[in-house]
Amino acid sequence: MQRRRRRAVVLLRKLLTCAICVIALMALLSVHIHVPVFPSSKVPDLADPYKLPTVTQQHEIKYQILSTEQSWTQELAPPHPHLSQAPLPSRKLDVASGHSDFIKLWKPPPNRNFGPCVEPSSNYTSPPESRGFLLVHTNGGLNQMRAGICDMVAVARIINATLVVPELDKRSFWQDSSNFSDVFDEDHFINSLANDVKVIKMLPKELKTAARAVKHFRSWSGMDYYQGEIASMWDDYQIIRAAKSDSRLANNNLPPDIQQLRCRACYEALRFAPQIEAMGKLLVDRMRSYGSYIALHLRYEKDMLAFSGCTHDLSPAEADELRTIRENTAYWKVKDIDSMEQRSKGYCPLTPKEVGIFLTALGYPSNTPIYIAAGEIYGGDARMADLQSRYPMIMSKEKLASVEELEPFVNHASQMAALDYIVSVESDVFIPSYSGNMARAVEGHRRFLGHRKTVSPDRKVLVRLFDKIELGTLKEGRSLSNKIIEVHKRRQGSPRKRKGPISGTKGTDRFRSEEAFYVNPLPDCLCQKEPPNVNVSLTIR
């Protein structure tokens with residue numbers, strides 16, 4: 001009996017020893033066989049699009065997906081408090097179609113280590129003694145005024161002027177009564193430019209009745225024009241008033257210090273007013289709570305459609321309304337416009353329905369959060385129905401913020417546009433439906449901050465495909481998707497030099513055909529830096 005008990009005990013010990021060894025071996029193997037980027041044990045519940053990723057998940061994405069691009073953006077010190085590092089891709093979206101496809105949707109283009117280089121040269125001096133005062137009447141919407149203000153900073157430097165804080169346009173289509181200090185941080189603007197240009201808030205009292213020259217500066221002018229014709233006016237006047245500010249300075253062939261001053265003015269000095277910055281940051285935080293998001297500049301508003309003469313898919317009554325607006329707006333010079341010709345040339349904004357087809361073809365899943373950076377969409381909810389049915393998670397400042405939170409801004413188009421600008425610059429992906437002033441300004445700012453992903457639709461190609469869909473000769477699916485993806489492979493905001501004029505153009509048309517300075521500040525304000533010496537294969541466990 002005792003002998004049997006001993007055998008049983010020995011056998012039990014052997015079994016326990018084997019079990020321990022097996023467990024230890026499995027544990028050892030689990031250390032070396034690491035989980036994939038999207039481990040099944042940590043995939044969030046895809047049925048709940050509002051569930052936030054954990055901090056651990058965010059860190060894994062940060063190091064495994066962005067690697068070198070993310071480390072570069074961390075080196076930047078953006079002028080806006082909320083414009084921090086590039087936002088992290090979300091893992092809450094539908095990734096069933098494949099990890100690599102999902103990553104491609106959100107991953108920014110390689111920045112090739114291009115970064116801001118806007119410091120003045122060793123020959124750059126403090127502002128010379130002022131010869132007079134430059135008054136500026138800006139014109140256009142928010143982003144047209146922004147570019148004009150920055151150009152006038154450079155002009156003031158060129159002609160040795162004291163710049164009076166510019167006056168914002170109160171007579172444009174939007175009828176906005178905002179003053180400079182309502183939209184921009186006036187004190188920061190003045191102080192930031194102290195080593196470049198003397199800026200004052202208003203003319204000295206003793207000069208308010210002094211004779212002044214009112215001048216329409218010639219469009220796209222260079223140093224010779226300003227140092228010659230304009231600077232010579234100081235012999236007769238103490239005050240020069242620029243009647244307009246848009247496109248008054250050449251895009252190219254200016255001294256490096258002048259080009260870099262334009263960038264310092266635009267991306268460092270011209271910061272939004274504190275209350276706009278705070279509200280913009282709040283909107284960004286609320287969008288990020290849904291995960292990675294697209295900022296869609298859906299330029300399908302009444303003023304744009306009336307100005308461009310684009311009436312595709314509109315009713316006869318709507319087309320008549322837009323034509324009446326165009327005819328009654330005195331400063332819109334072109335009145336008779338062929339809508340079909342405009343659209344075939346790619347000059348019309350994409351419709352909300354077309355944008356939905358475009359996003360689907362690119363591969364963005366239906367639970368992608370989309371921020372609509374725009375004013376009131378022409379046609380309202382009915383016009384948005386197709387896009388909304390494809391992408392239910394469509395947000396706007398009106399949906400993200402309460403009536404009380406937006407109340408200080410609602411009656412001021414420039415301030416509302418500034419909120420959209422902030423959310424757009426901070427987005428994971430920015431897509432404009434039309435290459436207007438805001439689209440160009442945001443694209444340039446995103447390039448300056450590290451070439452964040454900006455998908456620029458090729459409207460001329462797209463409308464041909466959309467027309468085939470309407471005619472029934474092409475269907476949505478893999479074939480359409482492959483065509484659209486191929487066309488847009490090189491339209492995602494990667495580093496490249498600013499485009500020059502179109503060959504064969506002359507005079508004003510030559511300047512007009514150039515890519516605008518603030519759309520792409522490379523090479524003037526972006527330089528290729530040495531790559532950081534880091535181990536990019538690091539994985540956080």
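Residues numbered from 1 in each chain as written. Predicted model: local features only at pLDDT ≥ 70, side-chain atom pairs only at ≥ 80, totals over all residues. Heavy atoms only, no water.

The chain appears in an unreviewed UniProt entry as O-fucosyltransferase from Melia azedarach.

Draft legend 1. Looking closely at the overall build of the chain. In terms of regular secondary structure, the chain is built from 21 helices and 11 strands. For the chain, long-range pairs separated by at least 24 residues make up 79% of all intrachain contacts whose partners lie at least 6 apart in sequence. Approximately 26,600 Å² of the chain is accessible, and the part contributed by carbon and sulfur atoms is 53%. (Helix = DSSP H or I, 4+ residues; strand = E, 2+ residues; numbered from the N terminus. Contact = heavy atoms within 4.5 Å. Areas by Shrake-Rupley, 256 points an atom, 1.4 Å probe, with all protein chains shown as cover.)

Draft legend 2. The arrangement of the state of the cysteines in detail. In the structure shown here, the tally under the stated rule is three disulfides. Two residues share a disulfide in this structure: Cys117 and Cys527, whose sulfurs sit 1.9 Å from each other. Its S-S torsion of approximately 80° makes the covalent link between Cys117 and Cys527 right-handed. On the criterion of sequence distance, the pair formed by Cys117 in the loop between strand E1 (114-116) and strand E2 (132-136) and Cys527 in strand E11 (residues 526-528) is long-range, its members being 410 residues apart. Taking relative accessible area as the criterion, Cys117 reaches 17% and is therefore assigned buried. For Cys263, the disulfide goes to Cys525, at an S-S distance of 2.0 Å. Residues Cys263 and Cys525 are joined through a disulfide that is right-handed, its torsion about the S-S bond being 95°. With a gap of 262 residues between them, Cys263 in helix H8 (residues 256-269) and Cys525 in the loop between helix H21 (507-512) and E11 connect regions that are remote in the sequence. Like Cys525, Cys263 is buried. Take the cysteines of the chain that form disulfides and number them in order along the sequence; they join up as 1-6, 2-5, 3-4. Between Cys266, a cysteine without a disulfide, and Cys150, which holds the nearest cysteine sulfur, the sulfur-to-sulfur distance is 4.1 Å. We classify Cys266 as buried; its relative accessible area is 5%. (Disulfide = S-S within 2.5 Å. Buried < 20%, exposed > 50% of the residue type's maximum accessible area, 1.4 Å probe, protein only.)

Draft legend 3. Highlighting the side chain of Gln260. Position of Gln260 relative to the elements: it lies in helix H8. By relative accessible area, which is 13% here, Gln260 ends up buried. The contacts of Gln260, once residues within four sequence positions are left out, are Cys117, Val118, Glu119, Pro120, Asp524 and Cys525.

Draft legend 4. Structural context of helix H13 (residues 352-362). Of all 11 residues that make up H13, nine are buried, and the element is covered over most of its length. Three or more residues of H13 are buried, namely Pro352, Glu354, Val355, Gly356, Ile357, Phe358, Leu359, Ala361 and Leu362. Two residues or fewer past H13, Gly363 is found with a positive phi of approximately 110°.

Draft legend 5. Region of interest: a positive patch on the surface. A surface patch of positive charge is lined by Lys460, Arg464, Lys468 and Lys483. Residue contributions to the positive patch peak at three residues, all from helix H19 (residues 459-471). With respect to the element layout, Lys483 can be found in helix H20 (residues 478-487). Under the relative-accessibility criterion, Lys483 is labelled partly exposed at 40%. (Patch = residues over 30% accessible without salt bridge, like charges linked within 9 Å, V, L, I, M, F, W, Y side chains within 5 Å. Salt bridge = Lys/Arg side-chain N within 4 Å of Asp/Glu carboxyl O. Lys, Arg positive; Asp, Glu negative; His and termini not counted. Charge placed at Lys NZ, Arg CZ, Asp CG, Glu CD.)

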